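Each chain, written out:
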Amino acid sequence: MAGAGFEQGFAERVRLIAIDLDCILLEIDRMQLLASKMGEPNYPEELVTMRVTAEKQPTDIIFGALHTWSQSNVNGTAV
C-alpha cells in the first residue's frame, strides 16, 4: 500500500485532472502502487500496457478501470 503522503498528493492530482476533463470524481477506491499490484497473482493484463505507457510518459497519470454512474444506479440500483 502506498504511504499517506503519496496517496494525498496523487488523489489531489486526480481531482484536479477530473475537473479539467469535466468529470465528477466521487471516490478513489483501493489506491495501490502498480509494482505491488503486479506482484499479486492474477493481476489484470491491462496493467502491463499501463506500465509501458507510464514508463514512456512518467509525468502523466494513467487511468485504469473507471465506472460511469447513470442516474438509475446512483443509489446502488443496478441497471
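Everything below is about the structure printed above this text.
Please read all numbers here as calculations on a predicted model, not as lab measurements.

Moving on to the overall build of the protein. A count of helical and extended segments in the protein gives three helices and zero strands. Seen in sequence order, the protein has helices and strands lined up from the N terminus as α-α-α. For the protein, the proportion of contacts with a sequence separation of at least 24, taken over those separated by at least 6, is 31%. Here the protein has roughly 6,700 Å² of accessible surface; of this, 55% comes from carbon and sulfur atoms.

Right, let's get into a nonpolar patch on the surface. Together, L21, F63 and L66 give the surface a local cluster of nonpolar side chains, amounting to about 330 Å² of exposed area. As for its position among the elements, L21 is in the loop between α1 (4-20) and α2 (34-38). Taking relative accessible area as the criterion, L21 reaches 52% and is therefore assigned exposed.

Although it is not a glycine, D22 adopts a positive phi angle of roughly 60 degrees. Position of D22 among the secondary structure elements: in the loop between α1 and α2. Among the residues examined, D22 registers a relative accessible area of 72% and is labelled exposed. The phi dihedral of N42 falls on the positive side, at around 60 degrees, and the residue is not glycine. As for its position among the elements, N42 is in the loop between α2 and α3 (46-56).

On to the pattern of salt bridges, then. Counted by the stated rule, this structure contains three salt bridges. The partner of E40 in a salt bridge is K37, and the shortest N-O contact between them spans 3.3 Å. With relative accessibility at 28%, the residue K37 sits in the partly exposed group. R51 is paired through a salt bridge with E55; the nearest N and O atoms lie 3.8 Å apart. Here the residue R51 and the residue E55 both occupy positions in helix α3, the gap between them amounting to four residues, near one helical turn. In this structure R51 comes out as partly exposed when scored by relative accessible area, which is 34%.

Calculation rules
- Residues numbered from 1 in each chain as written.
- Predicted model: local features only at pLDDT ≥ 70, side-chain atom pairs only at ≥ 80, totals over all residues.
- Heavy atoms only, no water.
- Helix = DSSP H or I, 4+ residues; strand = E, 2+ residues; numbered from the N terminus.
- Contact = heavy atoms within 4.5 Å.
- Areas by Shrake-Rupley, 256 points an atom, 1.4 Å probe, with all protein chains shown as cover.
- Patch = residues over 30% accessible without salt bridge, like charges linked within 9 Å, V, L, I, M, F, W, Y side chains within 5 Å.
- Salt bridge = Lys/Arg side-chain N within 4 Å of Asp/Glu carboxyl O.
- Buried < 20%, exposed > 50% of the residue type's maximum accessible area, 1.4 Å probe, protein only.

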